[in-house]
Amino acid sequence: MYYPVGWPRLLSLPQESGTDPIKVSANRDRILVAILTQDSILIWYAKPCVPIISHRRSPQSVSELGTNLLVCWRPDSSMIAVATSGGHIIFYNLVVLTDLKSLYEQEDPVNPALKRESAELYFKENVPPLVFSQAFEVPIPGGITDIASIRDELMIATEDGHILRYLWDGQVNRDYCLDLRRIPFCVDQQVLRAVPLVEEAHVTSLSYSPLLGGFAIVLNDGRAAFLVANSLKFDPNGVQGIWAGGVEDVTCSALNHKYRLMAFGRSNSKGIVYSIDESTGGLEVSHQLLLPTKDYPGCPGPVTGLRWTPDSTSLALVWAAGGFSIWSTFGTMILCSLGWDHGPRLTDSIRKSPYNIQDLDWSAEGYQLWVVNSSTRQFTGLKDAEFCPFPSTTEEKEEQPDYSSHLGNNVLVIPFVKSPLTVNPAMAANDQLYLQGEDKLYMNSGDTGVSQKKVEQEKIDSIMNNTEQGKDPLPGFNPLPSNLQSSHTKQWTIVPIPHAYISSSWPIRYTACDSTGHWIAVAGRTGLAHYSDHNKKWKLFGNETQEKDFIVTGGVLWWTEFLIIGCFNISANRDEVRLYPRESRLENGYCTIEEVDAQVLLLNRLGDRLVVYCANSHISLYQLHVDETNPMLACLTKVQDVDASALSIHPACVVSITLTHLRTEARQRSGEGRDSSDRSLSSADESASLIMNVSGRLVLIQREKGSGDEMLYSPPTVLAGSCEQVWLPATANHAKPHLTLALWLYCGAAGMRVWLPLFPREGDSSHAFMARRIMLHFPVNNIYPLAILFEEALMLGVENDTQVFPESSSSSPSSLPFCTLERVSEVYLQQLLRQLIRRNLGQHAWEIASSCSSLPYFQHSLELLLHSVLEEEATSKEPIPDALLPSVVDFIRSFPVYRETVVRCTRKTEVALWPYLFAAVGSPKDLFSECLKRGELSTAASYLIVLQSLEPASVARQHATQLLDAALDSVNWKLAQELVRFLTAIDPDECGELASPRISQILPSFSSPLSPPHAEVEDLSLVLGTLVGPRTRSISTNQPPKTGSPPDPATHPTLSRSASEKDQKVKRLSNSSSQNTSRDAGTAEEFFIDVILARHARKLLTAGQMADLGTFTAQLEFPVVAWLRREQNRAAQVDDFVWALKKIHQDFDWPWPGENGGRSRADSSQAGHGNSSRLVEDNLRQLYIDTGVQRQQHINTDSGYLSQPAARPDRQSDLSLLSEQTVDAMLRMRDRPVDQRSALSDDQDMASVCGVQSPTLTSPPSFSQTPKEADPPSKAKAKLTYMLHQLLEAECLEWASCFAIILMDVMAIIRIVNAARSATDSMKVVGRLYQGFLQLDSYAASYSPGYRRFLAGIQPQVVSLASYAQVSPGGEQVSQDNAGGGVSTSTPRPRSLSRSVSDPGEKIEGERTGVQRTRTPSPGKERRERDSLEVGEESACVLM
């Protein structure tokens, strides 16, 4: 609730050679602060922080009366009492000088350049000129231990066991003085045998609270008690003491008035808080203040100081060893300075903590914490005198380390910001997160939340619809900037409050933000102002007199376009409720005023119904509506007034009041299911109930009709205790009724409580006894919730962070950590689901989870649910008869993200807990197989990592192979790359072993030293006696039992190795040994992976998926050229050229050519529009023949991963189509404009792959990993050209001819024809090519005139093929039909080739080929054989 910001301020006391400060105390208004030193007293003004007066006692007074010890203000701030060590009380009278208007006057310097021009340099605050008019002292017998003010009297505790009562004029009230020996003490007020103190004791700490009706005292022996009396006069005869049980080491105390709590500090660095049991009158422990070990894993010393904030919502606690902490009302630690980073200069940030606070107090509204810092540490740790591991050999005294505070003996002012919920609980209805400071606002800026995005999206949709229909796109709509509130950002926007307002109205008391987060109102000491996020401007009162004429006392609230305040009219001396219109000027002439009977304390609303709680304990209900004639005028109609004085001891004890439609069981019986809730949420009807937080006790008061038409309130129902904050959704979402109809309560250290509705099933009304609501409880450890996002299932909060800057001086405040704010959030969905499942309310849990399944962190919530239950049950040392984990697993199984949730939880959990988890969720093998079956490959990859830790390496490799096949089939190249690396990293030695599952990593690493690992007969007979019969066979313990089984070859028969291969396991050598073994193992593993990749490549090739083949090659660095060389007479053969042409067009999304030879798409407009001869001529003009120096003959040993062309023999054809002179004349490049060049050249860099002038693609183009969308023509052409280059390099002429025809590359056709005639089995190759051209020509004649023209242009090449193959002009083959090249012109689908590891390539029948073939050898062997057969001479005419 309270968070420090920035650096503290170090006060410079206006005294020369002054003594050290010891105490600090603020008056009741907390505007004046008294600082007490040993011989003087100083009065400071809080804002601006300036000194007013300083008084130093004379040395004679100090020697006679003693040094100063304690200071206490009179309630009206007219006097100050100072207690001395000599047992005297010095009374000082404070008087305001009337002849001076202000103590400080600002004057501009003579130099005009230094004159003030900004309004911020002028402060309007009048610092009162105070003086000490007179002083007198009163001796106190017995010595003074503590003093406290009670109304017009001063209570003084003495060392002789008395509590004296003095008037402020110095007279003692002897009739009402107390003697501890005469006060009876007991544990509660019902015990009649109360006994007085027997031993000598006196009071060391004294605190008074009028709302508690008594004194909290701490005795010198460490005991604590509470003194109560029959009357407020505290007659000594009616005073009784009530012991605070369970503690005997109390050091200090502090009382909370609003929540009626008593906080005590203890010597063990803990705090304990008591409340009054109203049934017995005794003190019961409310909660304890325990320092978490994450902040300090030790004891920082006794608690030396406790101070509640002025609004009673937070407690400051300090320790003797240093450091301070802030706690919420019911025990949540908000911050602790012991965990801050103080930089490298401070070696021990705990024992040398800079904050060594001796005394502290809060200033106005809790925005400043004034502390007295002491350089001398009061506690440096405890030493055990009986434990001395290293005794000193010398008698010299050891040097004590320096634990002093480097801040010295000074007074510091620590600035704070706080949540608006501390003073304006009506803001709990909004889901905005912001903090308020004394002169600025901290807004959580950024995008809007999920619920706010719906409103903004509706506005945007309306604008789009109006624009489409030709209407005004912005009918009365102002485009909004990014909202100041957000649940999606950690950035804070600081909105400073105008100096014109804050200079005279400091500090800010109330703030309010509307539901959209764009309008913010602030109210200070007088008046108010509001801020608009639309124009980034503030709106102030134009008449400053009207601004200073009223004081906001009961909060600020937004209703539609009106601002509602509860205020006190100073001029009229009355209390009012005012409504100011937002759009008009801030003037009283525009506001609506409703007079009330007493001071307004609280405001809240539900829809158009306003509830007002006043200081006379009356609750008033008003109906709000806008005047029909004047939309700028709001009206209030009083509906009902109820006296609620019986609900609270004092009106100030009412923390919050809320209107709601929530009902108890009896009220819900009248309506069933969701319909009743829907009817109640239609509008603010007459039956709205009241929820009041009275001193932490939540009370529900229902409103229902009486005998007549009058609405009456039923007796109150207590819903919960120890309640700090209450949240109710402003509106309900019928899609998420459970979350938006729930009541949320934060109970401090007790965690969060949710009053959740339980809707019966449709038509199920037979069991009327079933509950309609249930109170769920779950802990909240990592966040203090400040806002609840109901639909988003999030809690928002703030936590402190620190930054260290380079220090200028060790004693300056800049040497301290700079405090910053950070927004934090936490998902609470898993907490609700767990509590419902524990109570066997799984159906309701499923409904809630289903309504939240669209949230981006829904799966994370399920993961947190599973993880929390798993850790709690798996690490429990006690047996769990009703384990929750199976139920949670069954619940998560009902959602599609079940498998992914399990594996995410597994990977974030310790390996030792995995057996417990998989005993509930099932075998990871089964989950892996199910993921493969459902196509959840990324989830299956996560299970693969789990299997690697639980199963032998052979099992992991087997499953990785299956996943690799699935990844390749689903075109998931990134996963395939990872799997290839995974398979490569598996040690082949581990795969050869029949290892058992690695359960040794899961079970405890230790065993009982007294029990053997296996049960022997003697042991069994010793334990079981005659129950054990003789055994004829003994168990050999030398060989471990076989707990694992080899992988089943039937599961993946194509990838299982033979038994002989597994048995030939080579033992690994040391690093210094030969590397032949590792090289052989690596080669085997590479071959194993290459076979898998080759099988998938063959699958793509036979299916004609050439685009996928190219992407596969580029992503996995597959040696496609070497592989295509092996497959050129097998899978790379094309039986149907027309089918291949169509597949290429389809895969590459390539347009079909038009009738004039151009492309049918607009992007191909660069193509030539002439006839086929013109196209051929354009191609030939781009090329020339390289007859340069012959390349050096060499033999490539291609590794397969770099596509390098191997050396080919010099193949010259005597059937050359063109002479060398003719080609040389045609291929010279002419100087022509860029736009007149070849149609096949894109951007001057992509000519025919057959020409040397065209660039050779040494690396593949960027194939998309997810080729779902059509590529642009330039990108598609680059891919086609790259594939043509690869096919030509691998001499796959049939597929290459299809790509060349699609690209209309004449020179590629020439090269293909020349290569076909130069092939070893040229008769077969030429025959198949010729038949393919005939198929394409027949198809183009009927369906594609564009290709028909191109085929006519390459007719000389087709004729040369016919001549070489000895075919007639009619196309009938006259040679023997033994090459298998004659293919019918029909278009059958290609056969599907199934490959295995033992047979990578399909055997071609000898009857058709006439050539006997064997199975494909290994890649290395085939490469060596092919290279040995090729001749290294280079052809004279190089076209590639």
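Here is what the cut-offs are and how they apply
Residue positions are given per chain, counting from 1 as you read along its sequence in written order. Only residues with pLDDT of at least 70 are given local features in this predicted model, and only at 80 or more are side-chain atom pairs given and counted; all residues enter the totals for whole chains, interfaces and linings. Based on all heavy atoms of the structure, the side-chain values leave hydrogens and waters out of the count. Strands are labelled as partners when DSSP assigns at least two bridges between them. Helix and strand assignments come from DSSP, with helices taken as H or I runs of at least 4 residues and strands as E runs of at least 2, each series counted from the N terminus. A fitted line through C-alpha atoms represents every axis, and for helices the fit uses only the stretch in contact; the resulting angles, taken between N-to-C directions, go from 0 to 180 degrees. The buried label goes to any residue with under 20% of its type's maximum accessible area, the exposed label to any with over 50%, and the partly exposed label to all in between, with areas taken from a 1.4 Å probe on protein chains only.

(A) Inspection of the sheet that holds strand E25 (residues 314-319) at higher detail. Read across the open sheet, the 4 strands follow the order E24-E25-E26-E27; overall the sheet is antiparallel. Whereas interior strands pair on both sides, the edge strands pair on one side only; in this sheet they are strand E24 (303-308) and strand E27 (333-336). The sheet shows a mean angle of 20° between the axes of neighbouring strands, direction not considered. Here 5 bridges tie E25 to strand E26 (residues 324-328), and the two strands are oriented antiparallel to one another.

(B) Spatial organisation of unusual backbone geometry. Pro48 follows Lys47 through a cis peptide bond whose omega is 0°. With respect to the element layout, Pro48 can be found in the loop between strand E5 (40-45) and strand E6 (50-56). With omega at 0°, the peptide bond leading from Trp506 into Pro507 counts as cis. You can see Pro507 is positioned in the loop between helix H3 (499-505) and strand E34 (510-513). Unusually for a residue other than glycine, Arg260 sits at a positive phi of about 55°. Inspection of the secondary structure puts Arg260 in the loop between strand E20 (250-256) and strand E21 (261-266). By relative accessible area, Arg260 is classed as buried at 13%.

(C) Main features of the pairing of strand E36 (residues 529-532). Neither face of E36 is left uncovered, since the one carrying Ala529 and Tyr531 and the one carrying His530 and Ser532 both have all their residues buried. Looking at chain direction, strand E35 (residues 519-523) and E36 are connected through 4 bridges and run antiparallel. By the bridge assignment for E36, Trp519 is matched with Ser532. Between E35 and E36, which pair antiparallel one after the other, the connecting turn spans 5 residues, and Gly527 there sits at a positive phi close to 70°. Of the pairings in the sheet, the one linking E36 to strand E37 (residues 537-539) comprises 3 bridges and is antiparallel in character. Bridge pairing in E37 places Ser532 opposite Lys537. With antiparallel pairing between neighbouring strands as the criterion, E36 and E37 make up a hairpin whose turn holds 4 residues, including Lys536 at a positive phi of roughly 55°.

(D) Structural context of the sheet that holds strand E43 (residues 609-614). On the basis of which strands lie adjacent, the open sheet formed by 4 strands has the order E42-E43-E44-E45 and antiparallel pairing. Looking along the sheet, the strands with just one partner apiece sit at the ends: strand E42 (600-606) and strand E45 (634-643). Between one strand and the next, the sheet's axes are offset by a mean angle of 25°, whatever the strand orientation. When strand E44 (residues 618-626) meets E45, the two strands line up antiparallel, connected through 9 bridges. Paired with Gln623 across the two strands is Thr637, which belongs to E45.

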